[in-house]
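Results of the structural survey
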Amino acid sequence: MGFFLETLIGGLMTGMLYSLVALGFVLIFKASGVFNFAQGAMVLFAALAMARFAEWIPRWTGLSGKLAVNLLAFLVAMALMVAVAWLIQKLVLSRLVNQEGITLLMATLGITYFLDGFGQTLFGSDIYKIDVGLPKDPVFLMEQSFQGGVMVNQEDLAAALIAAALVAALTLFFRFTGTGRALRAVADDHQAAQSIGIPLSRIWVIVWSVAGFVALVAGIIWGSKLGVQFSLSLVALKALPVVILGGLTSVPGAIIGGLIIGVGEKLSEIYLGPALGGGIEIWFAYVLALVFLLLRPQGLFGEKIIDRV
């Protein structure tokens, strides 16, 4: 039972991190109808910016405290992500208004390769580390209930709590702020929102900036766990099954979908892997997403796309 709980908790924490990446897909799709294939590249670009600025700022300013350096690096990286969001909207999306969905998808695919190449040119192509002080050592819980206790990775636990706090903050932002209500209005009906004076171009810059902020937090967490390298963008590919499972238009769906996939892949690897030869964790999410595409294309909580048009 202790081992099962250990696997379950590990899956929930990993799933929360998948949800964080998937949230970027959902935010942009809800507000603009664009499936942002570049979200993975944004995670990598943001992580590279954070890692390199944390390395460069002590040289530029003479600062030595880890907290001050990381905070300043975060603010500079966030400013860079906002600038990237503004340029994407100004130079690409504003020129493709009312185009076919495949055109917009190809545009975000082009942005993906540009950010990958530009990130390598700007920040380098080595493997970098991000050290924001997340604890690395595991802890043992419920030692009185189970022999040996349940081992929990402190870094995964802290990362899951950060992701949960960010999701909660975004939920409050969308529900209780004027900008959040405007974003929801745009998500419901672009033309109606525009008819009451909501400027779509400004809203789209805001939502891309929020997605950039989410990408930065996700990049810091994954970069702290895995190191900042160009394979990091592949992590975002695991977020695609999450949004398919939860629904492209649902923020709660991104969270629930991430948790289901995180737990499912861990449990299947442990309990089915020995019988099937292992490697289930690699393909489990994609097979589950394929099943949902066949049986319920809109996902658990999403609405049919045809109804939104």
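This is a predicted model, so every value here is computed, not measured. (Residues numbered from 1 in each chain as written. Predicted model: local features only at pLDDT ≥ 70, side-chain atom pairs only at ≥ 80, totals over all residues. Heavy atoms only, no water.)

With that settled, consider the overall build of the protein chain. Across its full length, the protein chain carries 13 helices and two strands. What you see for the protein chain is a C-alpha radius of gyration of 20 Å, in line with the 19 Å of a compact globule of 309 residues. Along the longest, intermediate and shortest principal axes, the C-alpha atoms of the protein chain span 65 × 55 × 35 Å. A total of 309 residues make up the protein chain; the buried ones form 48% of that total. Summarising the internal contacts of the protein chain: among those between residues at least 6 apart in sequence, 72% fall at separations of at least 24. By element, 66% of the accessible surface of the protein chain is carried by carbon and sulfur atoms, the whole surface being about 14,900 Å². Averaging the coordinates of the 18 positive side-chain charges in the protein chain and doing the same for the 17 negative ones gives two points 9 Å apart. (Helix = DSSP H or I, 4+ residues; strand = E, 2+ residues; numbered from the N terminus. Rg over C-alpha atoms; globule rule 2.2 N^0.38 Å. Buried < 20%, exposed > 50% of the residue type's maximum accessible area, 1.4 Å probe, protein only. Contact = heavy atoms within 4.5 Å. Areas by Shrake-Rupley, 256 points an atom, 1.4 Å probe, with all protein chains shown as cover. Lys, Arg positive; Asp, Glu negative; His and termini not counted. Charge placed at Lys NZ, Arg CZ, Asp CG, Glu CD.)

Turning our attention to the pattern of salt bridges. A complete count under the given rule lists six salt bridges for this structure. In this structure, R59 engages E55 in a salt bridge whose closest nitrogen and oxygen atoms are separated by 3.0 Å. Taken together, the residues R59 and E55, both in helix α2 (residues 39–61) and four residues apart, mark about one turn of the helix. Overall, R59 belongs to the exposed group, its relative accessible area being 60%. Since its relative accessible area comes to 31%, E55 is described here as partly exposed. (Salt bridge = Lys/Arg side-chain N within 4 Å of Asp/Glu carboxyl O.)

Time to look at the packing of aromatic side chains. According to the stated counting rule, one finds 11 aromatic pairs in the structure shown. The interplanar angle of 85 degrees and the centroid separation of 5.9 Å between the aromatic rings of F53 and F123 together place this pair among those described as edge-to-face. Separated by 70 residues along the polypeptide, F53 in helix α2 and F123 in helix α4 (residues 101–123) bring together distant segments of the chain. Residue classification places F53 among the buried positions, given a relative accessible area of 11%. When the ring of W56 is compared with that of W60, the centres are 5.8 Å apart and the planes differ by 35 degrees; the resulting orientation is tilted. Taken as a pair, W56 and W60 lie in helix α2 at a separation of four residues, close to a single helical turn. (Phe/Tyr/Trp six-rings, centres within 6.5 Å; stacked < 30°, edge-to-face > 60°.)

Our focus in this paragraph is the pairing of strand β2 (residues 150–153). Every second residue of β2 is oriented toward a common face, the buried set being V150 and V152 and the non-buried set M151 and N153. In this structure, strand β1 (residues 138–141) lies alongside β2, joined through four bridges in antiparallel fashion. In the sheet register, V139 faces β2, and the bridge partner there is V152. (Pairing = 2+ DSSP bridges.)

Before going further, it helps to examine α4. With 23 residues, α4 ought to run about 33 Å at 1.5 Å a step, and its terminal C-alpha atoms sit 32 Å apart, in line with that. Buried within α4 are the following residues: L104, A107, T108, I111, T112, L115, D116, G119 and F123. Lining the buried residues of α4 we find α2 and α3 (66–91). Once α4 finishes, G124 follows within two positions and takes phi at roughly 100 degrees, a positive value. (Expected span 1.5 Å × (residues − 1).)

Glancing now at the side chain of R52. Mapped onto the elements of the fold, R52 is located in helix α2. When neighbours within four sequence positions are excluded, R52 is seen to be in contact with F123 and Y128.

By the element assignment, A46 lies in helix α2. Given a relative accessible area of 0%, A46 falls into the buried group. For the pair A46 and L5, spaced 41 residues apart in the sequence, the C-alpha separation amounts to 34 Å. Setting aside residues up to four positions removed in sequence, A46 forms contacts with M81, A215 and L216.

Below, the discussion takes up helix α5 (residues 154–176). Taking 1.5 Å as the rise per residue, α5 with 23 residues should run 33 Å; its terminal C-alpha atoms sit 33 Å apart, in good agreement. Within the span of α5, buried status applies to E155, D156, A158, A159, A160, A163, L166, V167, L170 and F174. The backbone nitrogen of E155 lies 2.8 Å from a side-chain oxygen of the residue at the head of α5, namely N153. (Polar contact = N/O pair within 3.5 Å; in protein donor to acceptor, adjacent residues only side chain to side chain.)

Turning next to the environment of F114. On the secondary structure map, F114 appears in helix α4. Sequence separation between F114 and A41 is 73 residues, and the spatial gap between their C-alpha atoms is 8.8 Å.

This brings us to the confidence of the model for the protein chain. Looking at the protein chain as a whole, its pLDDT mean stands at 84, while 94% of the residues score no less than 70. No element of the protein chain has a lower mean pLDDT than helix α13 (residues 305–308), which averages 44, and none a higher one than α2, which averages 92. Segment residues 305–309: pLDDT under 50, and six contacts once partners within four positions in sequence are set aside and those in other chains are kept. (pLDDT = per-residue confidence, 0-100.)

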